[in-house]
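Working through the structure, step by step
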Amino acid sequence: MAKVEDCPSFETFGEDVKAAREANRLTRKTLAELVGIEWRYLANIEKDSTIPSLPVII
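Residues numbered from 1 in each chain as written. Predicted model: local features only at pLDDT ≥ 70, side-chain atom pairs only at ≥ 80, totals over all residues. Heavy atoms only, no water.

**A short note on the overall build of the protein chain**
- Of the regular secondary structure elements, the protein chain holds 4 helices and 0 strands.
- Each helix and strand of the protein chain, ordered N terminal to C terminal, gives the series α-α-α-α.
- Taking all 58 residues of the protein chain together, the buried fraction comes to 28%.
- Of the contacts made within the protein chain by residues no fewer than 6 positions apart, 53% connect residues no fewer than 24 positions apart.
- Of the accessible surface of the protein chain, which amounts to about 4,200 Å², a share of 54% is contributed by carbon and sulfur atoms. (Helix = DSSP H or I, 4+ residues; strand = E, 2+ residues; numbered from the N terminus. Buried < 20%, exposed > 50% of the residue type's maximum accessible area, 1.4 Å probe, protein only. Contact = heavy atoms within 4.5 Å. Areas by Shrake-Rupley, 256 points an atom, 1.4 Å probe, with all protein chains shown as cover.)

As structure tokens, this is what we get:
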């Protein structure tokens, strides 16, 4: 799993995901279920510590 520090172009990706989720009034758990991932994985993405896999991004 890639880390944000290894891919500078993803510096705000997690913040953008969180902002979009909150704008749509979704909880982490709800969005994670819609995408098919664990909510903890989504939390790591939002905290900018993890870059999601390509299938998750799509």
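**Section: the side chain of Glu-46**
- Its place among the elements puts Glu-46 in helix H3 (residues 39-46).
- Here the side chain of Glu-46 touches Arg-21 through a polar contact of 2.6 Å, side chain to side chain.
- When sequence neighbours within four positions are dropped, the list of residues in contact with Glu-46 reads Gly-14, Glu-15, Val-17, Lys-18, Arg-21 and Arg-28. (Polar contact = N/O pair within 3.5 Å; in protein donor to acceptor, adjacent residues only side chain to side chain.)

**A short note on the environment of Phe-13**
- Summarising the element assignment, Phe-13 is placed in helix H1 (residues 13-23).
- On the basis of relative accessible area, Phe-13 is assigned to the partly exposed category, the value being 25%.
- Placed 39 residues apart in sequence, Phe-13 and Pro-52 show a C-alpha to C-alpha distance of 9.6 Å.
- Among all residues touching Phe-13, those that are not within four sequence positions of it are Ile-45, Asp-48, Pro-52 and Ile-57.

**Some thoughts on the nonpolar core**
- Judged by nonpolar contacts, Val-17, Leu-31, Ala-32, Ile-37, Tyr-41, Leu-42 and Ile-45 together constitute the single largest core of 7 residues.
- For this core, the secondary-structure elements that each account for two or more residues are helix H2 (28-35) and H3.
- Per element, the largest residue contribution to this core is 3 residues, and it comes from H3. (Core = buried A, V, L, I, M, F, W, Y, C linked by side-chain atoms within 4.5 Å.)

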